[in-house]
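So the chains spell out like this:
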Amino acid sequence: MEEKETLQRIVSHCKEYGFVFPSSEIYDNLGAVYDYGPFGVELKNNIKEYWWKSMVQMNDNIVGLDAAIFMHPTTWKASGHVDSFSDPLIDNKDSKKRYRADVLLEEKIESFRIKGEKELNKKGIALTSLPEEKGKASRDYQKYLNLEKAYGEAATAVDLKRYKELIEEYEIACEVSGSKNWTDVRQFNLMFGTKLGALDETSTDLYLRPETAQGIFVNFLNVQKSARMKIPFGIAQIGKAFRNEIVARQFIFRMREFEQMEMQFFVRPGEELEWFEKWKAIRLKWHLALGSNPEDLRFHVHEKLAHYANAAEDIQFKFPIGFKELEGIHSRTDFDLTEHQKFSGKKLQYFDPEINQNYVPYVIETSIGLDRMFLRILSESLKEESLEGGETRIVLNLPPALAPIKVAILPLLKRDGLPEKAKEILEKLRFVGKTFYEEKDAIGKRYRRMDAIGTPYCITVDHQTLEDNTVTLRERDTMTQERVEISKLEALILEKTDINTLLRKLV
């Protein structure tokens, strides 16, 4: 219940303060599709800038790409999406509500684990103890171990019948009706189909891309030759992808239209696992540079590997809905380039002058959902703080470099030349980032509004400003105020809010 309330608080905050709106809301929404509002789009763009600069600007051997959403249909046959890009679907016969069978089982596993660990804590048993010892001490922890093992075996074998057996054996009920009356489990392809052409009889069947990676793979040689890249090198891309999710829920965590930030890193065969470990460390450092609690991030090893991978781990974040995947790091072997080579009839090989050899490179992928990253930032930043006198304030403790508004300029009064002076200062600070001007309401209310959208600094222009060219600079997190000369504002604010402050932590 607490998790749902926390997520709902984030959803309400996003709507009220212009971060995220339900799409087509005046027509009662389009399920699991969202629009980013005035402050949401600024935050989203700042996250993209941080990722892009950390990948492309900070690495001489990584370049960018912006591939088209529409691709030749054979692309998806070669990648395996046409034949195997599907999820196990199950319906509750009484409520008619549709679920992903694997998600139902994973959520049950997680609930057993949480209950079991709470029981172990009460008994004073260390969580570092052997699984067998913990299982003997807690019935729920033993259920967690049993179900995790059984689910892993079923997932590896893609045994849909076993999925249903486990759902029934562990008495998993529909969250709407409470019923345990389930259909059989069947596979559901996740790609959106569309057509290219004006007439049905002459049009070509296409798909909206379900991932951005394939646009990188089919352009491997174009990029390598035109940018004169030598292995090891990477190609980075930010772009939209589309999946016809069976269960698209939990706000922007799982959507049908979403944005990915991906980098495919091409390496010599045999060196992929070494690079896999390097990129795990690099990506974790990127996340921690935002000031996150290290305990809210963890690696999750894939027991069941995708058909193209020989190693895969996720960086999971502790969302309000529990630990969930934030970023995937995969060793994709040479599967993608080899398959596109086979289906296209074109060689996708690299001549390595250092070893005088042609080969199909292996690939390390880092892929992060931009929308999930957005939700993560909000999840760890949205706070309700108690103040003196029994008051409270809602504040977004966003990393200053990611904040939608870097500084707000607030004249104390709407007269006596204060608005005019405030607007002069506003023009001087255009280059620190997005600025905000407001003169309505008492200064305290304006501070609270800026706290709620995560603005790191507020500048108050008062009568003393007209006398000595100083202003009151208020800092969001501590609420401390100090008098600062107008001439020093730009450098002071840039020092804290420029994206380079984050990038320097990565060096």
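Residues numbered from 1 in each chain as written. Predicted model: local features only at pLDDT ≥ 70, side-chain atom pairs only at ≥ 80, totals over all residues. Heavy atoms only, no water.

**Brief notes about the overall build of the protein**
- Counting secondary structure elements, the protein contains 18 helices and 23 strands.
- A compact globule built from 507 residues should have a C-alpha radius of gyration of about 23 Å, and the protein, at 26 Å, falls within 12% of that.
- Within the protein, the fraction of its 507 residues that count as buried is 50%.
- Across the protein, contacts joining residues at least 24 apart in sequence account for 66% of those joining residues at least 6 apart.
- Accessible area of the protein: about 24800 Å², with a carbon and sulfur share of 49%.
- In the protein, the 75 positive side-chain charges and the 82 negative ones have mean positions that sit 1 Å from each other. (Helix = DSSP H or I, 4+ residues; strand = E, 2+ residues; numbered from the N terminus. Rg over C-alpha atoms; globule rule 2.2 N^0.38 Å. Buried < 20%, exposed > 50% of the residue type's maximum accessible area, 1.4 Å probe, protein only. Contact = heavy atoms within 4.5 Å. Areas by Shrake-Rupley, 256 points an atom, 1.4 Å probe, with all protein chains shown as cover. Lys, Arg positive; Asp, Glu negative; His and termini not counted. Charge placed at Lys NZ, Arg CZ, Asp CG, Glu CD.)

**Points about the sheet that holds strand β22 (residues 470-475)**
- Spatially, five strands are ordered β20-β19-β21-β22-β23 in an open sheet, and the strand pairing comes out mixed. Whereas interior strands pair on both sides, the edge strands pair on one side only; in this sheet they are β20 (435-437) and β23 (481-485). For this sheet, the mean inter-axis angle between neighbouring strands, taken without regard to orientation, is 25°.
- Pairing analysis gives five bridges linking β22 to β23, with the strands arranged antiparallel. In the strand pairing of β23, valine 471 is matched with valine 484.
- This element, helix α15 (residues 443-453), spans β19 (407-411), β20, β21 (457-461), β22 and β23 of the sheet and lies at about 170° to β19. (Pairing = 2+ DSSP bridges. Axes fitted to C-alpha atoms, helices over the stretch in contact; angles between N-to-C directions.)

**Focus: helix α2 (residues 38-57)**
- Spanning 20 residues, α2 covers 27 Å between terminal C-alpha atoms, matching the ideal 28 Å at 1.5 Å per step.
- Within the sequence span of α2, burial applies to Phe39, Gly40, Leu43, Lys44, Asn46, Ile47, Lys48, Tyr50, Trp51, Ser54 and Met55. (Expected span 1.5 Å × (residues − 1).)

**Observations regarding the environment of histidine 463**
- Among the secondary structure elements, histidine 463 is positioned in helix α16 (residues 463-468).
- For the pair histidine 463 and lysine 342, spaced 121 residues apart in the sequence, the C-alpha separation amounts to 74 Å.
- Once residues lying within four places of it in the same chain are set aside, the contact partners of histidine 463 are Leu413, Asp416 and Leu418.

**Focus on the nonpolar core**
- Of all hydrophobic cores here, the largest spans 64 residues; its most connected members are Phe19, Leu43, Ile47, Tyr50, Trp51, Phe374 and Leu402.
- Leaving out residues up to four positions away in the same chain, tyrosine 50 has contacts with Trp286, Ala289, Leu290, Leu402, Ile499, Leu502, Leu503 and Leu506.
- Formed by 25 residues, the second largest nonpolar core is a distinct cluster that contains Ile90, Leu105, Tyr170 and Trp182. (Core = buried A, V, L, I, M, F, W, Y, C linked by side-chain atoms within 4.5 Å.)

**Observations regarding the sheet that holds strand β6 (residues 186-189)**
- The strand order β5-β4-β6 describes an open sheet built from three strands, whose pairing is antiparallel. Looking along the sheet, the strands with just one partner apiece sit at the ends: β5 (98-100) and β6. Adjacent strand axes in the sheet meet at a mean angle of 50°, parallel and antiparallel pairs treated alike.
- Across four bridges, strand β4 (residues 86-91) lies against β6 in antiparallel orientation. From the neighbouring strand, aspartate 87 faces β6, where its bridge partner is phenylalanine 188.
- Sitting on the sheet, helix α5 (residues 101-122) is in contact with β4 and β5, with an inclination near 65° to β5.

**Quick look at the environment of leucine 206**
- With respect to the helices and strands, leucine 206 occurs in strand β8 (residues 204-207).
- Sequence separation between leucine 206 and tryptophan 76 is 130 residues, and the spatial gap between their C-alpha atoms is 9.4 Å.
- Apart from the residues within four sequence positions on either side, leucine 206 is in contact with Phe70, Met71, Pro73, Phe192, Gly193, Thr194, Lys195 and Leu196.

**Some words on the packing of aromatic side chains**
- What the rule picks out here adds up to 20 aromatic pairs.
- With centroids separated by 6.2 Å and ring planes inclined at 45°, the aromatic side chains of phenylalanine 19 and phenylalanine 39 adopt a geometry described as tilted. Residue phenylalanine 19 is located in the loop between α1 (2-16) and β1 (20-22), and its partner phenylalanine 39 is located in helix α2; the two are separated by 20 residues in the primary sequence.
- Using a relative accessible area of 0% as the deciding quantity, one classes phenylalanine 19 as buried.
- Among the residues examined, phenylalanine 39 registers a relative accessible area of 16% and is labelled buried.
- Arranged with centres 4.5 Å apart and planes meeting at 10°, the rings of tyrosine 50 and tryptophan 286 form a pair that is stacked. Of this pair, tyrosine 50 sits in helix α2 while tryptophan 286 sits in helix α11 (residues 272-288); the two residues are 236 residues apart in sequence, bridging distant segments of the chain.
- Overall, tryptophan 286 belongs to the buried group, its relative accessible area being 1%.
- Among the aromatic residues, those joined into a ring-pair cluster are Phe217, Phe220, Phe233 and Phe266.
- Geometry around tyrosine 99 places lysine 97 over its ring, the cationic atom sitting 5.5 Å from the centre.
- Above the ring of tryptophan 275, the side-chain terminus of lysine 278 is found at 4.2 Å from the ring centroid. (Phe/Tyr/Trp six-rings, centres within 6.5 Å; stacked < 30°, edge-to-face > 60°. Lys NZ or Arg CZ within 6 Å of the ring centre and 35° of its normal.)

**Here's the deal with the packing of α2 against α11**
- For the pair α2 and α11, interaxial distance at closest approach is 12 Å and the crossing angle is 145°. Where α2 crosses over α11, the two elements pack in a sense that is right-handed. Across the interface between the two elements, Tyr50, Trp51, Ser54 and Met55 from α2 touch Trp279, Arg283 and Trp286 from α11.
- Here the contact of α2 with α11 is composed, by residue class, of five nonpolar, one polar and one charged. (Left-handed = near helix turned anticlockwise from the far one by under 90°. Nonpolar A, V, L, I, M, F, W, Y, C, P; charged D, E, K, R; others polar.)

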